[in-house]
Amino acid sequence: MPRALIYAANWKMNHGPREAREFARRFLEFTAPLAGRELWFFPPAVTISALVEAFRGRPDITVGAQNVHWESKGAFTGELSLPLAKEVGARIALVGHSERRHLFGETAEQAARKVAAALAAGVVPLLCVGETLADREAGRTEDTVRRQLEPVAAVVQPTDRPRLLIAYEPVWAIGTGRNATPADAAEVHRFIREWLGGRGWRDRTRVLYGGSVNAGNALALLAEREIDGVLVGGASLTPDGWAEIVGLGG
Ligand code: PEP
């Protein structure tokens, strides 16, 4: 039985509802549901409902939010609560993407609160972790990832553990055209699983790789048994380009 792979598209601050509908129309022409393949989309918040509607009837496709707040309502200008995200159809949420951490100062503790809130709301969190180039060059990759995981592991109840997914995204590989080698990525994925295992996590946590994935390198990355899928920014923005990638490695 082949392992299930997740192909997750992070559109960042691209594609409003109109563009997303056109994307979906073309993408659906290129892709049929495939057993063992899940397609995830993280559009901008204003686009979630349009994409949910456009993909209705495709249970292999799930749509979610790029960021959520841990409070369910209140005076938090500019934030997106989990109840609001769910109301427009979000079933998954990115948490702690490196752009949130490095451009907007999000801390590991805040990411942990978001993970806990998402799980409590019935939304599947995809927690992003990863080191900077300086961390890697100083031999601090595992230490950095461990410090990002620690507060999260502390707030996830044992029964919720199977519902948390992790994306290993080295910061130096995001949007740079420079991806981690499959072997380097697999080594960090193994470290993540071993570290969680050491904390009593018995289920095999699904870990995706992200960072300059494209049609030329996706297959080699997905050939690694440690890599359960890919989280893709730039190369997920065109329907034909993204359809080509999700057609690989299935
Ligand atoms: C991302 O946004 O998570 C990402 C990996 O971006 P890119 O594929 O463009 O490097």
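This structure is a prediction, so every number in the text was calculated from the model and none was measured.

Colleague: I keep staring at unusual backbone geometry and nothing clicks. Help me out?
Modeller: Among all residues except glycine, the phi angle is most often negative; among peptide bonds, the trans geometry is most common. Positive phi, close to 50°, is recorded for K12, a residue that is not glycine. Note on placement: K12 falls in the loop between β1 (5-10) and α1 (17-30). Look at K12 and you get partly exposed, because its relative accessible area is 23%. The phi dihedral of H15 falls on the positive side, at around 75°, and the residue is not glycine. On the secondary structure map, H15 appears in the loop between β1 and α1. Here H15 falls in the buried class, since its relative accessible area comes to 15%.

Colleague: It is not clear to me how the site of the ligand should be interpreted in this structure. Could you clarify?
Modeller: What surrounds the ligand is a group of 14 residues, the closest being K12, E169, G175, S212 and G233. One of the side-chain nitrogen or oxygen atoms of E169 is found 2.7 Å away from an oxygen atom of the ligand. Within the backbone of G234, an N or O atom sits 2.9 Å from an oxygen atom of the ligand. For the ligand, the accessible surface in isolation is 290 Å², of which the surrounding protein chains cover 95%. When grouped by side-chain class, the residues that make up the shell around the ligand number four nonpolar, eight polar and two charged.

Colleague: I would appreciate a short explanation of the side chain of D228 in the present structure.
Modeller: Along the chain, D228 falls in the loop between α9 (218-222) and β8 (229-232). One polar contact links the side chain of D228 to the main-chain amide nitrogen of V207, over a distance of 2.9 Å. Once residues lying within four places of it in the same chain are set aside, the contact partners of D228 are R3, A4, L5, I6, R193, R204, T205, R206, V207 and L208.

Colleague: Please clarify how the layout of surface pockets should be interpreted in this entry.
Modeller: It is the rolling of a water-molecule-sized probe over the atoms that shows where space remains empty. Space inside the largest pocket adds up to approximately 470 Å³. Forming the boundary of the largest pocket are 17 residues, of which K12, M13, Q66, N67 and R100 lie nearest the centre. A total of three residues in the lining of the largest pocket trace back to one element, the largest contributor, which is helix α4 (residues 98-104). Per-class residue counts for the lining of the largest pocket are eight nonpolar, five polar and four charged.

Colleague: Got a minute to help me understand α1 in this structure?
Modeller: What sets the pattern is the α-helix's 3.6 residues per turn: residues three or four places apart point alike. Between its first and last C-alpha, α1 extends 20 Å over 14 residues, near the 20 Å set by a 1.5 Å rise per residue. Regarding α1, the residues found buried are A20, F23, A24 and F27. The arc enclosing the buried residues of α1, seen along the axis, measures out at 100°, which places them on a common side. Every exposed residue of α1 that faces more than 90 degrees away from the buried side is listed here: R18 and E29. Along its buried surface, α1 packs onto β2 (37-42), α2 (48-54), β3 (61-65) and α10 (239-246).

Colleague: Can you help me understand the nonpolar core in this one?
Modeller: Among soluble globular proteins, nonpolar side chains are generally buried collectively. Y7, F27, F41, L127, I192, Y209 and W242 are the most contacted members of the largest nonpolar core, which has 65 residues in total. Core analysis: the second largest hydrophobic core is formed by 12 residues, I92, L126, A167 and L231 among them.

Colleague: Would you mind going over the sheet that holds β2 with me for this structure?
Modeller: Within a sheet, adjacent strands bond to each other through the backbone by hydrogen bonds, running parallel or antiparallel. With parallel pairing, the eight strands of this closed barrel are ordered in space as β1-β2-β3-β4-β5-β6-β7-β8. Between one strand axis and the next, the sheet turns by 25° as a mean value, whatever way the strands run. By the bridge criterion, two bridges tie strand β7 (residues 207-210) to β8 in an arrangement that is parallel. Residue pairing for β8: Y209 is matched across the bridge by V230. Against the sheet, helix α5 (residues 108-121) contacts β4 (92-95) and β5 (124-129), and its axis sits at roughly 160° relative to β5.

Colleague: How should I be thinking about the pattern of salt bridges in this particular structure?
Modeller: Should their charged atoms come close, side chains of opposite charge can pair. Applying the stated criterion across every chain yields a total of 18 salt bridges. A salt bridge links E53 to R56; its shortest N-O distance comes to 3.0 Å. R56 gets classed as exposed once you look at its relative accessible area, which sits at 56%. A salt bridge links R193 to D228; the shortest N-O distance between them is 2.5 Å. In this pair, R193 is assigned in helix α8 (residues 182-198) and D228 in the loop between α9 and β8, connecting sequence segments 35 residues apart. We note that R193, like D228, is buried. Sharing partners across several salt bridges, the network here consists of R190, R193, R204, E226 and D228.

What counts as what
Residues numbered from 1 in each chain as written. Predicted model: local features only at pLDDT ≥ 70, side-chain atom pairs only at ≥ 80, totals over all residues. Heavy atoms only, no water. Helix = DSSP H or I, 4+ residues; strand = E, 2+ residues; numbered from the N terminus. Buried < 20%, exposed > 50% of the residue type's maximum accessible area, 1.4 Å probe, protein only. Near = heavy atom within 4 Å. Polar contact = N/O pair within 3.5 Å; in protein donor to acceptor, adjacent residues only side chain to side chain. Areas by Shrake-Rupley, 256 points an atom, 1.4 Å probe, with all protein chains shown as cover. Nonpolar A, V, L, I, M, F, W, Y, C, P; charged D, E, K, R; others polar. Contact = heavy atoms within 4.5 Å. 1 Å grid on protein atoms, 1.4 Å probe; cavity = no way out; pocket = protein on both sides within 12 Å on 5 of 7 lines; lining within 4 Å. Points joined across faces, edges and corners; volume = space filled by probe spheres on them. Expected span 1.5 Å × (residues − 1). Arc of directions from axis to C-beta. Core = buried A, V, L, I, M, F, W, Y, C linked by side-chain atoms within 4.5 Å. Pairing = 2+ DSSP bridges. Axes fitted to C-alpha atoms, helices over the stretch in contact; angles between N-to-C directions. Salt bridge = Lys/Arg side-chain N within 4 Å of Asp/Glu carboxyl O.

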